[in-house]
Amino acid sequence: MNIGHRIKSLRKYQGLTQKELAEKVHKSPQVISNWERGYTPNITNEDIVNLATALNVKVSDIVSSSNDDTRADLPPLTPRDERDIAKDLEKMLAELDTSAAFGGNLTPDGEDLELLKSSLTQAMTLAKRVAKQKFTPKKYRKE
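Everything numeric here is computed off the predicted structure, so don't read it as measured data.

Here is what the cut-offs are and how they apply
In this convention, every chain numbers its residues from 1, walking through the sequence in written order. In view of the model being predicted, local features appear only for residues whose pLDDT reaches at least 70, and side-chain atom pairs are presented and counted only at 80 or more, with totals across whole chains, interfaces and linings using the full set of residues. Only hydrogens and water are set aside when side-chain values are computed; all heavy atoms of the structure are taken into account. Numbering of helices and strands runs from the N terminus, with a helix taken as a DSSP run of H or I at least four residues long and a strand as a DSSP run of E at least two residues long. Only protein chains enter the calculation, and the probe is 1.4 Å; a residue is then buried if its accessible area is under 20% of its type maximum, exposed if over 50%, and partly exposed in between. In what follows, residue pairs with any heavy atoms lying within 4.5 Å of each other are defined as contacts. Shrake-Rupley sampling with a 1.4 Å probe provides the accessible areas, and residues are treated as covered by the protein chains on show and by no other component. By nonpolar core we mean a set of buried residues, namely Ala, Val, Leu, Ile, Met, Phe, Trp, Tyr and Cys, connected to one another through side-chain atoms within 4.5 Å.

Engineer: Explain the overall build of the protein chain to me, using residue names and the numbers behind them.
Structural biologist: Along the backbone of the protein chain there are eight helices and zero strands. Reading the protein chain from its N end, one meets helices and strands in the order α-α-α-α-α-α-α-α. The 143 residues of the protein chain split such that 24% are buried. If you take every contact in the protein chain between residues at least 6 apart in sequence, the share linking residues at least 24 apart comes to 62%. Split by element, the accessible area of the protein chain, about 10,100 Å² in all, is 52% carbon and sulfur.

Engineer: I'd love a proper account of the nonpolar core, names of residues and values included.
Structural biologist: In terms of nonpolar packing, the biggest core is built from 16 residues, with I7, L21, L51 and I62 touching the most fellow members. Every element with two or more residues in this core is listed here: α1 (3–13), α2 (18–25), α3 (29–37) and α4 (45–55). In terms of residue count, the dominant contributor to this core is α4 (five residues). Sequence-distant contacts of I7, that is, excluding residues within four places in its chain, are made with L21, W35, E36, I43, L51 and I62.

Everything listed is a geometric property; what it means functionally is a separate question.
Here it is as structure tokens:
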């Protein structure tokens, strides 16, 4: 997968249009289109950093030549799915004995709790998307 395909798949994964991404990186939609189609093979380092920031990914996710990125193939979440994940996450965190989760005698600070919440959110989102792909009947899939 070339850099243009990675930009496109990451953009679609975030649910952004080319115009929305262009506004975030202060470029024109035509520039985004040219990047995605490979018409502009030499993207500046500054533009790659801006893309990574706008897409909320690491720079290596954009420039990496790894072919194992399947996130773009998964169906997007609906607002209801996101609300369900948030509700389940809050319930899970409320029931969690934080001292046991962080090694018994340690008292977690705000940063530790935010990292735990972020990790759980990412895992729950990915699990929900995989389940939607796996269990949605073919006649209801939007392909």
